[in-house]
Amino acid sequence: MALPPQINSVKMPDAAVAEATRPRKASRFNLPFLVVVALLVGYGLLVVWSAVANDPDYRFSRQLSGAAVGAVCMLLLWQVDYRRLGDLWVVFLVVNVALILSPHIPGLGTDAGMGAMSWIKVGIQVQPGEFAKVTVVLLAASLVARYGGQLDQAREYLKVLGVLLIPFLCIMTQPDLGTGLVYLFISAMALIMGGARPKFLLVTLVVGILAIVAVFLVDEFVFKYEKSPGVYEYKLLKNYQRNRLLVFLNPDSDVTSEGWNLKQAQIAIGSGGLFGKGLLNATQSTHGFLPEAPTDFIFCVLAEELGFFGVAALLALYVSLILICFRIASSSNDLFGMLIVMCIVGMWLFQILENIGMTCGLMPITGIPLPFVSYGSSFMVVNFMMLGLIGSVWSHNNASGKKGGYATPH
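Scope of this entry: the structure provided in the associated data block. Note that the structure is predicted; figures quoted are calculated from it, not measured. (Residues numbered from 1 in each chain as written. Predicted model: local features only at pLDDT ≥ 70, side-chain atom pairs only at ≥ 80, totals over all residues. Heavy atoms only, no water.)

### Examining helix H4 (residues 60-79)
For the record, the criterion: Helix numbering and strand numbering both begin at the N terminus, where a helix is a DSSP run of H or I of at least 4 residues and a strand a DSSP run of E of at least 2. Take the residue count of a helix, subtract one, and multiply by 1.5 Å to get its expected span. To sort residues, take the accessible area from a 1.4 Å probe on protein chains only and compare it with the maximum for the residue type: under 20% means buried, over 50% means exposed, and anything in between is partly exposed. As used here, the arc belongs to the directions running from the helix axis to the C-beta atoms. Any two residues whose heavy atoms approach within 4.5 Å at even a single point are treated as in contact.
The end-to-end C-alpha distance of H4, which contains 20 residues, comes to 29 Å, matching closely the 28 Å that a straight helix rising 1.5 Å per residue would cover. Those residues of H4 not exposed but buried are Gln-63, Gly-66, Ala-67, Gly-70, Met-74 and Trp-78. Along the axis of H4, the buried positions cluster into a sector of 100°, meaning they face one direction only. Where H4 is buried, its residues contact helix H3 (31-52) and helix H15 (377-396).

### Re the packing of helix H7 (residues 154-171) against helix H9 (residues 198-223)
Note the following rule: A fitted line through C-alpha atoms represents every axis, and for helices the fit uses only the stretch in contact; the resulting angles, taken between N-to-C directions, go from 0 to 180 degrees. When describing relative orientation, an angle under 35 degrees is termed roughly parallel and one over 145 degrees roughly antiparallel, while 65 to 115 degrees is termed roughly perpendicular and anything else oblique. Rotating anticlockwise by less than a right angle from the far helix to the near helix defines a left-handed crossing, while the corresponding clockwise rotation defines a right-handed one. Residue polarity is assigned by list, with Asp, Glu, Lys and Arg as charged and Ala, Val, Leu, Ile, Met, Phe, Trp, Tyr, Cys and Pro as nonpolar; anything else, Gly included, falls into the polar class.
Remark: H7 packs on H9, axes separated minimally by 11 Å, with the N-to-C direction vectors making an angle of 45°. The orientation of H7 relative to H9 falls into the category oblique. Our pair here, H7 against H9, has a crossing hand that is right-handed. Across the interface between the two elements, Ala-154, Tyr-157 and Leu-161 of H7 pack against Phe-200, Leu-201 and Thr-204 of H9. When the residues that make up the contact of H7 with H9 are grouped by side-chain class, the tally is five nonpolar, one polar and no charged.

### Some remarks on the sheet that holds strand S3 (residues 124-126)
Going by this rule: The rule for pairing is simple: two strands pair if DSSP sees at least two bridges between them.
Sheet architecture is open: three strands sit in the order S1-S2-S3, paired in antiparallel fashion. In this open sheet, the two strands that pair with only one neighbour each are strand S1 (109-111) and S3. In this sheet, neighbouring strand axes are inclined to one another by 40° on average, regardless of whether the strands run parallel or antiparallel.

### Regarding H7
Quick note on the threshold: Throughout, bend refers to the angle between the axes fitted to the seven residues that end at a position and the seven residues that start at it.
The terminal C-alpha atoms of H7 lie 26 Å apart, and with 18 residues this matches the ideal 26 Å at 1.5 Å per residue to within 8%. Along its length, H7 reaches its greatest deviation from straightness, about 30°, at Leu-165, and the proline Pro-167 lies no more than four positions downstream. Within H7 the residues assigned to the buried category are Tyr-157, Val-160, Leu-161, Val-163, Leu-164, Pro-167, Phe-168, Cys-170 and Ile-171. As for H7, its buried residues are in contact with helix H5 (89-101), helix H6 (128-145), helix H8 (177-193) and H9.

Keep in mind that these numbers describe shape and distance, not what the molecule does.
Now the structure itself:
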């Protein structure tokens, strides 16, 4: 390594030379990142407080507890050197499968509604599929990083794709299609950023679309049965899942359930105007027109109470967070670290676009929550854990002055 000019021109003690040439550690904390996170979390808590204030089915203290526990988890993960996790994809896969399938254990799992076994009771009620998002991120990043950014062999691509589909297949045993889609988008981001050939990705997309069509056709012509006069049931897709997709294609096809939800969501958003009706004044949710307002349709509560400028503030915070994460990913000196950050960014982008899009009729209605805003302590803790992983990449990727992981991103 070439010495600075002042060292070349003046004889310095060996200790001083070593200190001058030692690689500098990266800053332990990224101040803009922490400021944006604090503003986003605070804004989300304010909206949730207003949304649950008059609803006895929800407790704001639970959301606060989730934020507190999540903050501790974030700080702990921030201190972990993520590079030590790069070879543990098998461990992440095993832990992931165990988490997702745990609700099927007799006496442990509990029905989440609509026939989905998504929760477990361990003193408190926990959704393990949410926590599995963390292991899906680490699984996808560590597995794809092994190929050094050159996943260009069809056989290897299929092997990786097969492993990454395991979490999705496991979550569909509950079934939880919304969370399963999040897993798929995390995996897709890992493949895209990890050097998979474009034609492999295109073929995978086409096969996925054909699989969705096949499920509908098989359900319609093979598994459809009449549960009661005029009422039909299907085996591959739940009725509500099928209706959500059909309503997306034709919003007027169902005016009593999913179509009703969409119309009420649009009314809530439109009634907010520029400045909104004010906190605690969201009539659509208060009067029971808007279902699951603090969770699935929290964006509608925000739009109705705080209006266009309130929505713009939220979107500005999201954009700021994503841009900072892009910068952290690009500054990472190894592929594994970059993939961790980009998988998390992909997850957040999908959740944001899907949750906001479904309330406007631009995306199918799902149970995908809005990051840092929707009610749910498990969801809040998991998002903070993701922040901790990003912080670990930021603080450790240059800490030793050596490149970690498998390859330097180009």
